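The primary structure of each chain is shown beneath.
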Amino acid sequence: MIGGDGLTAAVKKETDAALKAHGLIKVRVVSDDRTEREAIFQVLANELDAAPIQHIGKLLVLWRPKPPKQRVEDEDRMPGPRDVKVLKYSKKGGQRPEVQVLRVLGNQRLTLGGKIKRAKPRQCSVKKRSQA
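A. Structural detail: the pattern of salt bridges. What the rule picks out here adds up to six salt bridges. Two residues, Glu47 and Lys12, come together in a salt bridge whose shortest N-O distance is 2.9 Å. Here Lys12 lies in helix H1 (residues 9-22) and Glu47 lies in helix H2 (residues 34-47), a separation of 35 residues in the sequence. A salt bridge links Glu38 to Arg34; the nearest nitrogen and oxygen atoms lie 3.4 Å apart. Residue Glu38 and its partner Arg34 are both found in helix H2; the two are separated by four residues, about one turn of the helix. Overall, Glu38 belongs to the partly exposed group, its relative accessible area being 34%. Sharing partners across several salt bridges, the network here consists of Asp16, Lys20 and Arg64.

Basis of the calculations
- Residues numbered from 1 in each chain as written.
- Predicted model: local features only at pLDDT ≥ 70, side-chain atom pairs only at ≥ 80, totals over all residues.
- Heavy atoms only, no water.
- Salt bridge = Lys/Arg side-chain N within 4 Å of Asp/Glu carboxyl O.
- Helix = DSSP H or I, 4+ residues; strand = E, 2+ residues; numbered from the N terminus.
- Buried < 20%, exposed > 50% of the residue type's maximum accessible area, 1.4 Å probe, protein only.

In structure tokens, the structure reads:
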């Protein structure tokens, strides 16, 4: 939203951050002067490398393609062990449940009963097996 101060450096910075995050944004201008709104629209589009999509009343719509996310992929990374808290209820009804911390490795899973089992290999169709 562009207030009474007009187009400031802070507004440009926030608009740039919103375009990086969302790609398509709407900017509301408080000013009643149409020529001033059109000037703001062109300045934002030129300085932020955005495409001016629409100008309806006091609403400006800008678009810029979102940059691809930077992901660091590590080939050697495997799921590591994790510690899970499990409530173990006693067989006798009146006693408190006991909290146990279990270590679950990457090739294991935790059942609903609180037991650790080895993970089953994923099932694969015959067709997919022959392609691999």
